[in-house]
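# Secondary and tertiary structure notes
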Amino acid sequence: MAPTLDPDFPCSLPSTVDVPLPDHRLASTALRALQVDAELSPLVRRDFSLVATESQGEQSILRTEYKATTNRMLRVAVNGFMESLGVVLQVMEELDVDVLAAR
């Protein structure tokens, strides 16, 4: 599905940023952890959602869609998101009992 063009936010990623996680619980946890931090700039809009995998049928993919007024703002926002996502995934790996048990 092609993203609809928003005249206020003409720059968007060609596709979304999808992060597959092992199960719905971890995807939901990552969503809630990342959702609390609003975008710092009014020039950027970010939307999170959970998407089901075709093979498992459960919502275990964290989908993030970005729109921005300029390509530079889009790059800065996505870089910040990737840093935050890295922290969330590290914490989940280190502290989540189920993830440790799966090693």
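- Where an unreviewed UniProt entry is consulted, the protein chain appears under the name Transcription factor Pcc1, with the organism given as Lithohypha guttulata.
- Database annotation for the protein chain, UniProt heading Sequence similarities (unreviewed entry): "Belongs to the CTAG/PCC1 family."

## A look at the overall build of the protein chain
- Within the protein chain, the regular secondary structure consists of 3 helices and 4 strands.
- Order of helices (α) and strands (β) in the protein chain, N terminus to C terminus: β-β-α-β-β-α-α.
- Taken over 103 residues, the protein chain has a buried fraction of 33%.
- Counting contacts in the protein chain only where the partners sit at least 6 residues apart, residues at least 24 apart contribute 59% of the total.

## Brief notes about the pattern of salt bridges
- Applying the stated criterion to the full structure yields 2 salt bridges.
- The partner of R63 in a salt bridge is D18, and the shortest N-O contact between them spans 2.8 Å. In this pair, R63 sits in strand β4 (residues 59-68) while D18 sits in strand β2 (residues 17-20), placing the two residues 45 residues apart along the sequence.
- Residue D18 is classed as partly exposed on the basis of its relative accessible area, which comes to 34%.
- Two residues, E39 and R46, come together in a salt bridge whose shortest N-O distance is 3.2 Å.
- The exposure class of E39 is partly exposed, given its relative accessible area of 25%.

## Digging into helix α1 (residues 24-35)
- Between its first and last C-alpha, α1 extends 16 Å over 12 residues, near the 16 Å set by a 1.5 Å rise per residue.
- Three or more residues of α1 are buried, namely L26, A27, S28, A30, L31 and L34.

## Regarding the confidence of the model for the protein chain
- Across the protein chain, the average pLDDT comes to 83, with 83% of residues at 70 or higher.
- Taken element by element, the predicted model of the protein chain shows its lowest mean pLDDT in helix α3 (residues 97-101) (59) and its highest in α1 (93).

## Comments concerning the pairing of strand β3 (residues 44-52)
- Sheet topology places β3 next to β4; 9 bridges connect them, and they run antiparallel. Note that in β4 the partner of A52 across the bridge is Q59.
- In sequence, β3 turns back onto β4 through a hairpin of 6 residues, with G57 there showing a positive phi of about 80°.

Thresholds, definitions, all that
Residues numbered from 1 in each chain as written. Predicted model: local features only at pLDDT ≥ 70, side-chain atom pairs only at ≥ 80, totals over all residues. Heavy atoms only, no water. UniProt positions renumbered as here; feature names shortened; annotations may be inferred. Helix = DSSP H or I, 4+ residues; strand = E, 2+ residues; numbered from the N terminus. Buried < 20%, exposed > 50% of the residue type's maximum accessible area, 1.4 Å probe, protein only. Contact = heavy atoms within 4.5 Å. Salt bridge = Lys/Arg side-chain N within 4 Å of Asp/Glu carboxyl O. Expected span 1.5 Å × (residues − 1). pLDDT = per-residue confidence, 0-100. Pairing = 2+ DSSP bridges.

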